[in-house]
Amino acid sequence: MLNEKDCQFLLEELAKIAKAAGQAIMEIYSDDQGIGVEYKADDSPLTRADRAANTIICDQLEQLRLKFPIISEENKAIPYEQRRDYAYCWMVDPLDGTKEFIKRNGEFTVNIALIHQQRSILGVVYVPETKALYWAAKGLGAWMEAAGKREALQAQSFDRNDPALGVVCSRSHLNPPTEAFVNALNEPVLVAKGSSLKFLVIARGQAHLYPRLAPTMEWDTAAAQIILEEAGGEVLRHEDQQPLIYNKPDLLNPHFVAAARRAQA
């Protein structure tokens, strides 16, 4: 396991890397020549910004004195027969919220996490539009820096029976399982956010639950999960209430619910 000094070093370096990727993203975001949208085999969008950010992140991760294999959304898939031997690996989404980027609503992020024995132990999320930086490492707390101010993140304490819980989900596209989840709550208040910002509003104490009863990939959640966990929250598989794990044979996440701090009985 990495020691605290190593973690602090990596967090400082990841902050620089994420900001460099974010700057490249914003240059394309404001480019009059357009953002260059293409579509992958699964119909998910890909832009020049995804590629540019991925190149910056991977190149700079490979230059660190602490070197680990990289699993990135935009890199060629690595067979599980090779990945299963990784003690540590990076999990990267160079532009999380590509659809939000295309809509130009600012709700997209750069996500970089370090995985150790299938658990996310360190992560950075950067919001290029607002220049807000979020980070956490196992046992070192969760933090946010925005507009020159740094603050510790603390998820709210809540009970599932409380009225008016903040639930992070779409206002207009609730699938049936999510609708059933929401309807079982006591007068919930829906909070709309894009990308990994869904986790971060909970980590900041601005919402309580994020039911994701639809597909996501490991790189979508790894960095934000450790930030929410270090803020006192949790990210549990919907089927068995166990934490999400990473570097699985299939990099598709199961359905899960991210939550703030559970009130003690």
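As the structure is a prediction and not an experimental result, all values here were calculated from the model. (Residues numbered from 1 in each chain as written. Predicted model: local features only at pLDDT ≥ 70, side-chain atom pairs only at ≥ 80, totals over all residues. Heavy atoms only, no water.)

Colleague: Looking at this structure, I do not really get unusual backbone geometry. What am I missing?
Modeller: Although it is not a glycine, Gln118 adopts a positive phi angle of roughly 75°. Looking at the element boundaries, Gln118 is found in the loop between strand S5 (109-116) and strand S6 (119-127). For Gln118, a relative accessible area of 31% gives the class partly exposed. Even without being a glycine, Lys131 presents a positive backbone phi close to 65°. Tracing the backbone through its elements, the reader meets Lys131 in the loop between S6 and strand S7 (132-137). (Helix = DSSP H or I, 4+ residues; strand = E, 2+ residues; numbered from the N terminus. Buried < 20%, exposed > 50% of the residue type's maximum accessible area, 1.4 Å probe, protein only.)

Colleague: Where do I start with the side chain of Glu100 in this structure?
Modeller: Along the chain, Glu100 falls in helix H4 (residues 98-103). Among buried charged residues, Glu100 stands out as having no salt bridge; its nearest opposite-charge side chain is Lys103, 4.3 Å away. Setting aside residues up to four positions removed in sequence, Glu100 forms contacts with Asn105, Gly106, Glu107, Phe108 and Gly194. (Lys, Arg positive; Asp, Glu negative; His and termini not counted. Salt bridge = Lys/Arg side-chain N within 4 Å of Asp/Glu carboxyl O. Contact = heavy atoms within 4.5 Å.)

Colleague: How do you make sense of the pattern of salt bridges when you look at a structure like this?
Modeller: Pairs can form between side chains of opposite charge whenever their charged atoms are close. Counting across every chain of the model gives seven salt bridges. Note that Glu13 is salt-bridged to Lys16, the shortest N-O span being 3.3 Å. A residue pair is termed a helical-turn pair when its members lie 3 or 4 positions apart in one helix, as Glu13 and Lys16 do in helix H1 (residues 4-29) at three residues. The shortest N-O distance in the salt bridge between Arg262 and Glu234 comes to 2.3 Å. With Arg262 in strand S16 (residues 261-262) and Glu234 in strand S14 (residues 234-237), this pair connects stretches of sequence that are 28 residues apart. Given the relative accessible area of 19%, Glu234 is considered buried.

These figures capture arrangement, not role.
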